[in-house]
Amino acid sequence: DADGAELKVGNHTKVTPEMVAKFVSKVEYRKQGDKSTVATATLANGFEVTVSASCVDAANYNEALGRRLCDTRITDKVFELLGFLLQSARNGVNL
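If you're wondering where the values come from, they're calculated on a predicted model, not measured in any experiment.

Caption draft 1: Region of interest: the environment of Glu28. By secondary structure assignment, the location of Glu28 is in strand 1 (residues 24-32). Residue Glu28 is classed as partly exposed on the basis of its relative accessible area of 48%. Note: C-alpha distance between Glu28 and Glu18 (10 residues apart in sequence) is 20 Å. In this structure Glu28 touches Val38, Ala39 and Thr40, once residues within four positions along its chain are discounted.

Caption draft 2: Inspection of the nonpolar core at higher detail. If you look at the biggest cluster of nonpolar residues, it comprises 16 residues, and the most contacted ones within it are Val15, Phe23, Val51, Ile74, Val78 and Leu82. Of all the secondary structure elements, the ones that give two or more residues to this core are helix 1 (17-23), strand 2 (36-43), strand 3 (48-54) and helix 2 (63-91). With five residues, the single largest contributor to this core is helix 2.

So, how was this worked out
Residues numbered from 1 in each chain as written. Predicted model: local features only at pLDDT ≥ 70, side-chain atom pairs only at ≥ 80, totals over all residues. Heavy atoms only, no water. Helix = DSSP H or I, 4+ residues; strand = E, 2+ residues; numbered from the N terminus. Buried < 20%, exposed > 50% of the residue type's maximum accessible area, 1.4 Å probe, protein only. Contact = heavy atoms within 4.5 Å. Core = buried A, V, L, I, M, F, W, Y, C linked by side-chain atoms within 4.5 Å.

See below:
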């Protein structure tokens, strides 16, 4: 439970944007090469998600746009991961 983010199953049947926002503890960005932004999000449980955004021509590189694209990709990935976690918590996993 980092920074108070905790997912309790209870009667939850869906993942909300608020759950996703609470579950992301921090995001670190870096420029890689001349055309890419890389972002690593650390989640409340310590798991890390890394995403990237790139352009074709270095002359078109825009750091703010790269960060926004990475933020969207992190949000989408965390939604997916929390959905899997919620489904598993509600119904179990048989391997």
